[in-house]
Each structure stands twice: as C-alpha cells, then as structure tokens.
Amino acid sequence: MSESSAEAAVAAVASASEAAAGWRRATGLAGAAIGVIAAGAAAGVAIERMTVGRGMRQKARLALDSAGPYGSLRGTPGKAYADDGTELYYEVDDVDPESAPALSPRRRRLFGRKAPAPVTVVFSHGYCLSQDSWHFQRAALRGVVRTVHWDQRSHGRSARGVAQTQEGRHVDIEQLGRDLKAVVDAAAPEGPLVLVGHSMGGMTVMALADQYPELIRERVVATALVGTSSGRLGEVNFGLPVAGVNAVRRVLPGVLKALGQRAELVEKGRRATADLFAGIIKRYSFSSRDVDPAIARFAERMIEGTPIDVVAEFYPAFADHDKTEALALFTDMPVLVLAGVGDLVTPSEHSEAIADLLPEAELVLVPDAGHLVMLEHPEVVTDRLADLLTRAGAVPAGATVSGYGSTSSTARRG
C-alpha cells in the first residue's frame, strides 16, 4: 500500500471515529458501543472507498437507484390483518393461462409446456428487507406458478406493528408465524402450498409450523429454507474476534433500545455516514468481491429503508428463537435447505444442522456467497427452487436455470 493510500485509510477510520463521537455525546453508552463497531468496520471497508470522493459516490448511488430494475416487479395487491390488527401488505402473481404455449425456450427447458398444478408458492423475506429481495426468483416464476410475496410487519409496504407502536412490545418469532398464517388465509385460503423463507422468513415458516401443525400436514407440499436457522443464534460471532463479539453481545440489546428511542437523531447519523454503512451492509450481505454494484445498491436501499426503531423492535426475537422441534413437521415432504458458505449472519453451519434433522432434504451450500445468496447467486437459488417445485408436483418438468448471474456450477450439494 502506498503512503497516500495508508493515510487515506487512516483518515477514513478517523472520520468514522469522529462520527461515533458525535453519537456518543448524543446517546451515551449506545453511542460508545456503536462507535467501537463503526470504527472497526471502517477499517475493513476504507481501502475500497478511499480513492473515490464522497460526491462521486453519492452520484453513483443516485445513478444506480434510477437505472436498476431490481424491485420493480409488482403484482395484484392485497391486505391481510394480523391478530393484533396490523395491516400486512402482499402481492399475488397469478398463473398466466396464455403463457404455456408462448413460453420462451429457456422457460420451456425449466418448466415444460404444460400448465403448472394449482399450487401457491408463498415467499417470506428476511430482517430489514422486503418482498422485493426475491426479485430474481419472482421474475423466473412469474406467470408460470401462482406466487404470493408479502412484507413482514413494519417492513416494506406493511404497516407498523400495532403491538409495537401502541403497547411497546418487541416482536417475537411466534408473532411472525401468526402473521404468515393471516397472509395465507387471505391470499391462499385453499389448495396446496409451497413455503419459501429466507433468514427471518425461514424462522417465520418454522413458527407457522410450530403453531399450526395441521396446516403443514394438510396443505404444505414442499418447503425451502434459505440462509436461516432453527435456533442458537446467540452463538453467532458475525465474523468478529472473540473479544469483539463478546462486547457486542453484552451491549447491543441496550444499544438498539437506546437508538430506537432516538430514531430521528440516529437516522440523521445514518445519512451522514452513508458511505460507512454501505460498506458494512455489503460485508454482511455478500461474500464475492465482484458483486454487481447495482445489486449491492439494491440491498443497501432495502436495509436503509428499515427505520432504526424497527431494527430495535425485532432484534431481541432472534436470541429467543428456537424452533428445532418444529422441523419434524417437514420430514414427509420435499425440502430444500440452501445457504451461502460465506454467510456471517446465519452461518451455513445452521443450515447443515437443519439438514441433519431432515435427512431427506436437499442441502445446497454455495461457495463465494453471503447472507443475500438469492441476490448474489440468483441462478443457483432459482435452479434449486425450480427443482423443488418439480418434485412437489407444482410444475411438470425441471432443469438448470441459466442467465441470472454467475453459473450454478459453484453450488455444492451436501
């Protein structure tokens, strides 16, 4: 590294430390803890950012926001209501009855020429994301099989959780399972179901099974669990050294609570340190070095769109999450368990543990992939999901999908 490069890296870390100091003055212990995290993260992301001015980066973000097609797919809107009255937004993409004879050659290879069986595929997204995180899979399945995409409470286009805003309660995973049941009742009250969940969405699927086992036995014909966990999330180290992760575990719940109570101030801080947080988001979302900048910006926009008080409301749920016993309900159906090997949020070992309890499940580990594997290597996820739908009888024929980014040959089956 040149002397000027080293100076730039030091300056970037110093800038992060100055921003952290401002937060420290504003939020006490919360600011101090965030300062430690931010300064450490800055050291990791400064090198790739130090040669580009802030103004240029801002212009690049605006250009990517205007040019990127990601998250632009829309379906027939609908609303479901949770047991506490929270309004949950969903969209339905119905089967196109005219699509079968007019399928493109690639879709003929993937799904065959016949119309799919009347199955509804319900997609549940992860923490700080939205239904748009399934953009590539939605595009591949659009018009070929009926799909439902919904936004978890307080995320995307769904309303803020009533129990959270009016009663001050944190969210728990059980509540998310009940929310999913409300969406299923409204959007797919009859017929077979395929449940697909990423990260928190996979936990939501498990919570649904735990509370409504009869629904799983009677209607669910296949399940896909992507980058998720059935429990023991308190042991995840997020790629930090032992001392760092122990400090984070001690203070982070209090930090988030304090920040959630100062949401307006913190949102200003997030905007002021957008470059820093973009680097943090990239590190914990993706593993490959050459991820499409438009994809990285798309993920950044979704995560930026989650208010800090919502982040605070949801975080405690993960430490308490344990749905290992509920996995038994998925033993008699086709199951896909897929994860990125470089996932720092829900490490692939958690997916391997799920697969150990579901010996008939297909386990796919994707090298050079992080937590947002469905965006980073969409062709792998779409390919294996298409195969799952074939095994479940939702589509008549399955084959390898191509044209969604890097090649699916990188996947390793367990």
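Draft legend 1. Broad picture of the pattern of salt bridges. For the coordinates displayed, the defined rule picks out 24 salt bridges. Note that arginine 74 and aspartate 132 form a salt bridge whose closest N and O atoms lie 2.9 Å from each other. Highlighted residues: arginine 74 in the loop between helix H3 (54–67) and strand S1 (76–81) and aspartate 132 in the loop between strand S3 (120–124) and helix H5 (135–141), separated in sequence by 58 residues. Among the residues examined, aspartate 132 registers a relative accessible area of 11% and is labelled buried. Note that glutamate 362 is salt-bridged to arginine 384, the shortest N-O span being 3.0 Å. With glutamate 362 in strand S8 (residues 362–366) and arginine 384 in helix H17 (residues 378–391), this pair connects stretches of sequence that are 22 residues apart. We note that glutamate 362, like arginine 384, is buried.

Draft legend 2. Here's a closer look at helix H7 (residues 173–187). The end-to-end C-alpha separation of H7 is 21 Å, in line with the 21 Å expected for 15 residues at 1.5 Å each. Judged by how many residues are buried, H7 sits mostly within the fold: 11 of 15 residues are covered. Every buried residue of H7 is accounted for by Ile173, Gln175, Leu176, Gly177, Asp179, Leu180, Lys181, Ala182, Val183, Val184 and Ala187.

Parameters at a glance
Residues numbered from 1 in each chain as written. Predicted model: local features only at pLDDT ≥ 70, side-chain atom pairs only at ≥ 80, totals over all residues. Heavy atoms only, no water. Salt bridge = Lys/Arg side-chain N within 4 Å of Asp/Glu carboxyl O. Helix = DSSP H or I, 4+ residues; strand = E, 2+ residues; numbered from the N terminus. Buried < 20%, exposed > 50% of the residue type's maximum accessible area, 1.4 Å probe, protein only. Expected span 1.5 Å × (residues − 1).

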